[in-house]
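Listed below are the residues making up each chain.
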Amino acid sequence: MGEKLSQTTSSSQKSKDLKSSNKKQSNGNGIHYSRPETKYEHIYPQIPEQKSLFVAYILWFFGGIFGLHHIYLHRDRHAFVWWCTLGGYFGIGWLFEIFKIPEYVRDANDDPKFIAKFIVKLRTFQKPEFSTIRFLGQIMMSYLFGQVVMIAVPEDEVMGINWRFLLWTVPFFSAVGVWIVGNIGREKGVFWHCLVAAYLIYPLRYFVYDETYWFTGMVFGSALAFEQFSKQWRREPPKRHSKVKRTIVLSTCVIIYLSVWSAYFVFNGKITDSEGDEVPVHEAIKNFLKSPWWTDLKQTFVDTWRFAQHNGWYETWKQIVDSIDIDGEQNAYKVLNVSPTATQSEITSAWRKLSREFHPDKVKDEKLRRAAQEKFMDIQQAYEVISKIKSKRRSRNKKFEDEQQDVKIEL
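Only a predicted model underlies this, so the values are computations on that prediction, with no experimental measurement involved. (Residues numbered from 1 in each chain as written. Predicted model: local features only at pLDDT ≥ 70, side-chain atom pairs only at ≥ 80, totals over all residues. Heavy atoms only, no water.)

Visitor: I would appreciate a short explanation of the packing of aromatic side chains in the present structure.
Guide: The description of an aromatic ring pair rests on the distance of the ring centres and on the angle between the ring planes. In this structure the tally under the stated criterion is 28 aromatic pairs. Measuring from centroid to centroid gives 4.9 Å for Y143 and F215, while their planes differ by 75°, and the two rings are edge-to-face. Taken together, the residues Y143 in helix α8 (residues 132-152) and F215 in helix α11 (residues 211-230) connect sequence positions 72 residues apart. Y143 gets classed as partly exposed once you look at its relative accessible area, which sits at 35%. What makes F215 buried here is its relative accessible area of 0%. An angle of 55° between the planes, with centres 6.0 Å apart, marks the rings of F145 and Y257 as tilted. Taken together, the positions of F145 in helix α8 and Y257 in helix α12 (residues 243-268) put the pair 112 residues apart, joining distant regions of the chain. For the pair F145 and Y257, one class covers both residues: buried. Here the aromatic cluster, defined as three or more aromatic residues joined through ring pairs, consists of Y143, W168, Y202, Y206, W214 and F215. (Phe/Tyr/Trp six-rings, centres within 6.5 Å; stacked < 30°, edge-to-face > 60°. Helix = DSSP H or I, 4+ residues; strand = E, 2+ residues; numbered from the N terminus. Buried < 20%, exposed > 50% of the residue type's maximum accessible area, 1.4 Å probe, protein only.)

Visitor: Sorry, what's going on with a positive patch on the surface here?
Guide: Taken together, the side chains of R106, K113, K117 and K121 make up a positively charged region of the molecular surface. No other element matches the 3 residues that helix α7 (residues 112-124) contributes to the positive patch. Within the secondary structure, R106 is located in helix α6 (residues 101-108). (Patch = residues over 30% accessible without salt bridge, like charges linked within 9 Å, V, L, I, M, F, W, Y side chains within 5 Å. Areas by Shrake-Rupley, 256 points an atom, 1.4 Å probe, with all protein chains shown as cover. Salt bridge = Lys/Arg side-chain N within 4 Å of Asp/Glu carboxyl O. Lys, Arg positive; Asp, Glu negative; His and termini not counted. Charge placed at Lys NZ, Arg CZ, Asp CG, Glu CD.)

As structure tokens, then:
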């Protein structure tokens, strides 16, 4: 009897231990389930903050070509690829992604159904199956990064140094393009396989002078090496980094990418002038900074700053609004050929004189009549603008005088 009791107690204790080893979690919809502790518990101790499908679609619609929805879903590599290519080569990937967003959200939320399907894939396939879309993405990103670096290396000597040796970084950046796409989502792979393949094929450029062939071979070889030797499942739960770290990493990648493009425009980029001659961008920038247009514009900003220091920003803003001539008053005075201090009778006199002079009925030539008619319409419009503005000012002045008179009476 004691043995049976002991066995029952032991079985009950095991059940309690099993339950205690499971962590109850919520999927965000009020449904609770238990997840056994794993060796990755210290990395991913609980269900992540739940992401909204609605928010993901809003970000996809308004900022999808820049990868905003991927940043929201903690898919930073995917976001960087979308930012570099404006939504997967000018929106192609962004458009087809409309059907994939629900799966991305389930992945970000560690949804039990998504995890169950993922476990089935792990048991069925030793490594991820070949994906045509992902493979093409690796090819395109590898080609993009490699080409950007190639065109950014200065063709001529800069500061007395021949920088052509930097062309040996082309395979590295091409491999980076393969590796970034290969590590998106639940798939991953090491970097050195695609890197070695790229550097082994790169010397072909010295034997095959057509860039199309050797560059394409390098890109495909790097992607195939990653596909064959590196690709594997990301079995551990994705590690969530802080917003600060994510911002620093993404900003660094963006700065490097923009710096390479800037190097191209500064050292190798050319601008075609009105006569068809090509001028290097760095020379064009120097000439622009010495041009009268830029000098006048810079002086305008300097004068505006000095005026604001002495008269205040409110008065400066009023001067800017007046110079922009939003209401068309300055242009109206110019059309009627009168000064802003002219009286209403002087304005009316000038309007009548110009109306008689440019009346279309006085012009017999059909070609000149159209120009006269446009001038006549401008005169009428200018007179209406000035009359309306002066009428409003008289009303405001009269109202102000009446208020001042009332104040005096009260006193």
